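Structural description and commentary
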Amino acid sequence: MRKVIVLEHISLDGVIQAPGGPEEDTSGGFAHGGWIAPYSDAILGTALRKQMNMPFDLLLGRKTFEIWTPYWPLHADIWPGVNAATKYVASNTMTSSEWQPSVFLNGDIAEKVAKIKQQQGPDLHVWGSGNLIQTLIKHDLVDVFWLMIYPITLGSGKRLFADGTIAAAFKMTESVVARSGVIVVNYERAGSITTGEE
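Notes on the structure follow.

Rules and cut-offs
- Residues numbered from 1 in each chain as written.
- Predicted model: local features only at pLDDT ≥ 70, side-chain atom pairs only at ≥ 80, totals over all residues.
- Heavy atoms only, no water.
- Phe/Tyr/Trp six-rings, centres within 6.5 Å; stacked < 30°, edge-to-face > 60°.
- Helix = DSSP H or I, 4+ residues; strand = E, 2+ residues; numbered from the N terminus.
- Buried < 20%, exposed > 50% of the residue type's maximum accessible area, 1.4 Å probe, protein only.
- Pairing = 2+ DSSP bridges.
- Axes fitted to C-alpha atoms, helices over the stretch in contact; angles between N-to-C directions.

1. Details of the packing of aromatic side chains
- Tallied over the entire structure, the rule returns 12 aromatic pairs.
- Each ring, one from F65 and one from F104, has its centre 5.7 Å from the other, and the planes form 90 degrees; the classification is edge-to-face. Remark: F104 occurs in strand β4 (residues 102–105) and F65 occurs in helix α2 (residues 62–68); sequence separation between them is 39 residues.
- Taking relative accessible area as the criterion, F65 reaches 0% and is therefore assigned buried.
- Among the residues examined, F104 registers a relative accessible area of 18% and is labelled buried.
- Geometrically, the ring pair formed by Y71 and W72 is edge-to-face, given 4.9 Å between the ring centres and 85 degrees between the ring planes.
- Y71 gets classed as partly exposed once you look at its relative accessible area, which sits at 37%.
- Through a chain of ring-to-ring contacts, the aromatic side chains of F56, W68, Y71, W72, W79 and W127 assemble into a single cluster.

Next comes the structure, spelled out in structure tokens:
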């Protein structure tokens, strides 16, 4: 079974919006785009490249796909696997793209993702895609959160757990702290939550 792995740059207050650049996503009047830039260092870069070089397909929301489409085909030297990966795109409006291979999912996204998870193939990596992630969380389809937690609060913006989540336990399987203060941590599902006994 394929895993759904959510990979996110996230602030201490849970914001995942527009980490990469000022114009990446200004929706809602978000004015802090590019907030990860001051924290780049060798340790973070090594952890990030390790993930980027894993076998993967992509599961993306429409907005993230549209942001990536003009960029990544021209920058294969930075991320060789991104162009070869199958890109599953959740969208009720897009049906085709020049950036291939791409598969467009509409209608009941949760049901379609659940079926894709049952197929043979590499794990499904979800980057950005804030709205899609809310659907995946709500329907208990996320197996792993691979988070880069930055020592910054942004006060506003799209959040990872915007609509809440289900009760679930996770186990940390890997972590590293960069010199810049960024914590890179891998949390995998570990069944149901347990509570203390009286």
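Don't stop here, the text continues.
2. As for the sheet that holds strand β3 (residues 87–90)
- Taken in spatial order, the eight strands line up as β4-β3-β2-β5-β1-β6-β8-β7 in an open sheet, and their pairing is mixed. Every other strand in the sheet has two partners, leaving β4 and β7 (170–177) as the edge strands with one partner each. Taken over all neighbouring pairs, the strand axes of this sheet differ in orientation by 20 degrees on average, direction set aside.
- Looking at chain direction, β3 and β4 are connected through four bridges and run parallel. Following the sheet pairing, V89 is matched in β4 by F104.

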